[in-house]
Amino acid sequence: MFDCNDRMKFSLECRDCPRLAGFLDQVRHDHPDYHARPVAPFGDASPQLLVVGLAPGMHGANRTGRPFTGDHAGILLYQTLHRFGFATAAQSLHAADGLRLAGCRLTNAVKCVPPQNKPELSEIGQCNRYLQAELETLTKGTVVLALGTIAHQAVLLALAVKKTLLPFRHGARYELANGLTLYDSYHCSRYNTQTKRLTESMFNQVFSDIVQNLSKNRPSTRPRECGAATAR
Ligand code: SF4
């Protein structure tokens with residue numbers, strides 16, 4: 001009998017988005033050494049901070065199998081996670097480099113690489129159940145950091161919050177009814193960092209606010225070291 005929980009459980013074999021599944025077939029053919037499958041969340045199973053990105057990068061997470069690893073998008077993110085005590089190293093090189101996250105988990109709104117890095121609305125909706133399942137495991141006081149508008153809206157969709165109520169704005173902080181706190185930042189993509197839309201100091205400020213918020217709301221909890229990738 002079909003169990004609806006099965007649909008919520010992340011699977012490396014998921015092919016529910018026909019366009020993305022077909023694209024991954026082609027990528028696997030062209031790059032047999034690439035991960036080229038849905039990319040699992042990485043980090044702490046019970047994080048204080050959940051970082052939500054857009055989707056795996058073609059030659060980054062889609063290649064290495066670890067979110068934000070192997071391309072430009074991860075450079076500033078891992079540097080900053082390390083600076084604020086959420087990562088054991090400042091660089092994420094590949095899935096077997098021994099880096100661990102502490103009190104933090106990374107995930108994406110869409111788990112499969114989309115052509116031109118642009119998921120369709122239906123794909124964001126289709127994949128949202130996995131994000132919803134991840135958000136349901138978070139305890140009160142956990143911070144969710146959305147990187148960019150699509151991640152922000154995917155979080156709201158997963159929580160059944162109207163997106164017009166809480167618009168995306170870099171640096172915004174929203175206290176959500178379920179006890180989570182949502183922060184927004186511009187995505188740390190190559191484009192945004194090279195055009196200075198997002199600078200290191202702007203990103204530091206967001207993390208500084210988050211850490212301050214966490215120490216105020218969860219003073220007795222310190223980030224703990226996590227194991228390897230957590231697949232759901
Ligand atoms: S994007 Fe999500 S729902 Fe779509 S095929 Fe990939 S894992 Fe499945």
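Residues numbered from 1 in each chain as written. Predicted model: local features only at pLDDT ≥ 70, side-chain atom pairs only at ≥ 80, totals over all residues.

A. Inspection of the nonpolar core at higher detail. By size, the foremost hydrophobic cluster in this structure holds 60 residues, and its most contacted members are V52, A109, L145, A151, A154 and V155. Broken down by element, this core gets its largest block of residues, 6 residues, from helix α6 (residues 149–158). Sequence-distant contacts of A154, that is, excluding residues within four places in its chain, are made with V52, A109, I124, N128 and L131. (Core = buried A, V, L, I, M, F, W, Y, C linked by C-beta atoms within 7 Å. Buried ≥ 20, exposed ≤ 12 C-beta atoms within 10 Å, placed from the backbone. Helix = DSSP H or I, 4+ residues; strand = E, 2+ residues; numbered from the N terminus. Contact = placed C-beta atoms within 7 Å.)

B. Representation of α6 in the model. Among the 10 residues that make up α6, 8 are buried, leaving the element largely enclosed by the rest of the structure. Looking at α6, one finds that the buried residues are I150, A151, H152, Q153, A154, V155, L156 and A158. Where α6 is buried, its residues touch β2 (49–53), α5 (121–136), β4 (143–147) and β6 (181–185). In the stretch just after α6, A160 is the one whose phi turns positive, near 55°.

C. Highlighting the packing of α5 against α6. Relative to each other, α5 and α6 sit at 70°, their axes nearing to 9 Å. With respect to α6, the axis of α5 lies roughly perpendicular. Here α5 runs over α6; the crossing is right-handed. In this structure, α5 contributes I124, N128, L131, Q132 and L135 to the contact, and α6 contributes I150, A154, L157 and A158. Of the residues belonging to the contact of α5 with α6, the class tally is 7 nonpolar, 2 polar and no charged. (Axes fitted to C-alpha atoms, helices over the stretch in contact; angles between N-to-C directions. Parallel < 35°, antiparallel > 145°, perpendicular 65-115°, else oblique. Left-handed = near helix turned anticlockwise from the far one by under 90°. Nonpolar A, V, L, I, M, F, W, Y, C, P; charged D, E, K, R; others polar.)

D. Looking closely at the site of the ligand. Surrounding the ligand, one finds 13 residues, the nearest of these being C14, C17, P38, C112 and C127. Elements supplying a minimum of two residues to the shell around the ligand: α2 (18–30) and α5. A total of 3 residues in the shell around the ligand trace back to one element, the largest contributor, which is α5. Per-class residue counts for the shell around the ligand are 8 nonpolar, 1 polar and 4 charged. (Near = placed C-beta within 6 Å.)

E. Just the pairing of β4, in detail. Counting buried positions along β4 gives 5 out of 5 residues, so the element sits mostly inside the fold. What you see with β4 is no split at all: V143, L145 and L147 on one side and V144 and A146 on the other are buried throughout. Where β4 meets β6, 5 bridges bridge the pair, whose relative direction is parallel. Note on β6: the bridge partner recorded for A146 is D184. (Pairing = 2+ DSSP bridges.)

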